[in-house]
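# Residue-level structural notes
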Amino acid sequence: MKRGLVFGFLLLASVSFASLHESLPSWHWSYDLIEQLQLRGGFRELSRLNRPYTRGEVAGALIGLRKDMESGAVGLSPTDRKQFTLLVREFREEIARIAGKEDGDRSVRFGTRLGQDAFKTTGVEARTKGIYRFTIGASLTEHAGVYNAMNLDQYKVDDPLYPGKKWRGIVGFTEQSYLTAARGRFRLKFGRDFLRWGAGESGTLFFSDVCRPLDQLLWSFDLGPFRFSSLTSVLDDIVIPSDWEKYRGDGKANRYLSAHRLNVDLLEGRLEVALTEAIVYGGPHRPLDWVYLNPFMIYYGTQLNKKDRVNVAGTIEALFYPVRNWRITGTFFLDDIQVEKTGPGDLEPSTLGWLIGSQWADPFRLPGMTLSGEFVRVTNRTYKTPNPWESFLFQNEPLGHPLGNDFDHWQIGAEQWFGASVRMGLLYSRTRKGEGSLFTPWEAPWFDYTVEEGYSEPWLSGTVETRQALGLTIRCQPATHWGLDGTFRVMRRKNADHLAGETRDETFWKIGVWVMGDFRIGE
């Protein structure tokens, strides 16, 4: 009875508002359709390298795409047009506001997204779990709004790395809570929200949205084809390992993240390039550093001059459409590289990663089909340093690629849309994972060698686990507010759990249903 009252209160008290400035969360179904139409010539004004989008940005892009369709600048197949129509239904209120057909929204809007799944893995009985989201928000002015989203997640109960409270088979936390404002070329967000920088099918190198949304101060401004962004975040504290006695203090270390990013849009949206530099720093009782709060400082040079112990990394990303319906994406991530050879410390292997992928829409004149391929490689020790508080982790989840480090991964896939309602996908992947991870202790064996002897090590460390998987996914979405999902996957793991000679065959299936709804109080 008590549990039911709590659930009912959450439903009434924290249940989305159609503000132009509201972020479109990473789990929203519309991203799949936007991806399809981007690949076919639409939505080029929406940067695939910078997410989340706002509802106003998507609505504006829909208005622009409709004009391009009417002028003949963009031609869409019947399947594409159905996807376009479904998106128009979802963003109709925002489209009306931009077009001036509705006055500004002075209401408070409540919404919910409820998902329930049944699933089974080899060796485990079939189970059911769900994720239940409730949101509330309002526009404060024409240029600003506030938003809050609660998440009740039954899946995280089985996650041994989840650091929060688990209560009677469910986990609850605030997933989004922010104030956002935009005026002309300037945007500002303060609070908790999703963040995804980069392009990738399996994940991005930096930042990916697999971890919990960040508590952040994020602002950006546009100048012609350029966009400059600045990010500051306070990460979670970590417990200092017991063998670090000289740093123990009260046993905890503070952690912070600063990043800045420059995007440039070229060739009328056919080429986009982005440069990012980020720094993770902290330590026992260390406060925010005002130097790293300055978004126009070069972090790498600054920490060298300060002789500061921090973790600086950078990426260069590119997205290119050589011809319509064909997209190539690439990312190079650099964490650390040794240039000089003056002592054993300079023998440390480089820590870096790269990602390259491609997507081809409507191949062989088959409307609604997309073929894709991707390769990712990240070296051991990437995303971390000898100081445990400098790892690119948040709430025990990677800030970068979901597989962490010490891996390579490639995948090929085919996807077929039948109108806007049904999608079927087939994906084959092969992953090799070494024994290194973001959680393993730092090791520095190169100090046992001289510069003259040199030092090298295999690309992947220890006993390498190889996973080959083939998966089938199906989605049926008759309307904007509900849908059905299904997944079936078979996997073979060689050297499973890094045990030499251990081979395991696993099968997984899942079926789920989700519903969305909202209502408004006020004008």
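Note that the structure is a prediction, hence the values are computed from the model and not measured.

## A word on the packing of aromatic side chains
One pass over the structure, following the stated rule, counts 26 aromatic pairs. Summarising the aromatic geometry, the rings of Trp442 and Trp446 are spaced 6.3 Å apart at their centres and angled 85° between planes, so their arrangement reads as edge-to-face. Judged by its relative accessible area of 24%, Trp442 falls in the partly exposed class. Judged by relative accessible area, which is 1%, Trp446 ranks as buried. In this structure an aromatic cluster arises from ring pairing among Trp197, Phe206, Phe207, Phe333, Tyr383 and Phe392. A cation sits over an aromatic face here: Arg44 above Tyr321, 3.7 Å from the ring centre. Seen from the ring of Tyr178, Lys189 lies directly overhead, with NZ or CZ sitting 5.4 Å from the centre.

## Things to note about the confidence of the model for the protein
The predicted model of the protein has a mean per-residue pLDDT of 91, with 93% of residues at 70 or higher. Note that residues 1–18 has pLDDT below 50 and, in this model, 45 contacts with residues that lie over four places away or in other chains.

## As for the pairing of strand β19 (residues 407–418)
Examined bridge by bridge, strand β16 (residues 369–378) and β19 share 10 bridges and lie antiparallel to one another. The partner of Phe375 across the bridge, within β19, is Trp410.

## Here's the deal with the environment of Gly301
Mapped onto the fold, Gly301 is located in helix α7 (residues 299–306). A residue is classified by how much of its surface remains accessible, and Gly301, at 26% relative accessible area, is partly exposed. In this structure, the C-alpha to C-alpha distance between Gly301 and Ser177, residues 124 residues apart in sequence, is 34 Å.

## Some words on the side chain of Thr329
With respect to the helices and strands, Thr329 occurs in strand β14 (residues 326–336). When neighbours within four sequence positions are excluded, Thr329 is seen to be in contact with Arg48, Ala199, Ala318, Leu319, Leu355, Ile356, Gly357 and Gln359.

## Observations regarding the pairing of strand β20 (residues 422–433)
As paired strands, β19 and β20 are joined by 12 bridges and run antiparallel to one another. Looking at β20, one finds that Glu415 is bridged to Gly425. For β20 and strand β21 (residues 465–479), the ladder comprises 12 bridges, and the chain directions are antiparallel. By the bridge assignment, Ser429 is partnered in β21 with Ala469.

## Remarks on the packing of helix α3 (residues 55–71) against helix α4 (residues 78–90)
Relative to each other, α3 and α4 sit at 140°, their axes nearing to 10 Å. On the basis of the axis angle, α3 is oblique to α4. Where α3 crosses over α4, the two elements pack in a sense that is left-handed. For the pair formed by α3 and α4, the contact residues are Arg55, Leu62, Leu65, Arg66 and Met69 on the first element and Arg81, Phe84, Leu87, Val88 and Glu90 on the second. Here the contact of α3 with α4 is composed, by residue class, of 6 nonpolar, no polar and 4 charged.

Cut-off values and rules
Residues numbered from 1 in each chain as written. Predicted model: local features only at pLDDT ≥ 70, side-chain atom pairs only at ≥ 80, totals over all residues. Heavy atoms only, no water. Phe/Tyr/Trp six-rings, centres within 6.5 Å; stacked < 30°, edge-to-face > 60°. Buried < 20%, exposed > 50% of the residue type's maximum accessible area, 1.4 Å probe, protein only. Lys NZ or Arg CZ within 6 Å of the ring centre and 35° of its normal. pLDDT = per-residue confidence, 0-100. Contact = heavy atoms within 4.5 Å. Pairing = 2+ DSSP bridges. Helix = DSSP H or I, 4+ residues; strand = E, 2+ residues; numbered from the N terminus. Axes fitted to C-alpha atoms, helices over the stretch in contact; angles between N-to-C directions. Parallel < 35°, antiparallel > 145°, perpendicular 65-115°, else oblique. Left-handed = near helix turned anticlockwise from the far one by under 90°. Nonpolar A, V, L, I, M, F, W, Y, C, P; charged D, E, K, R; others polar.

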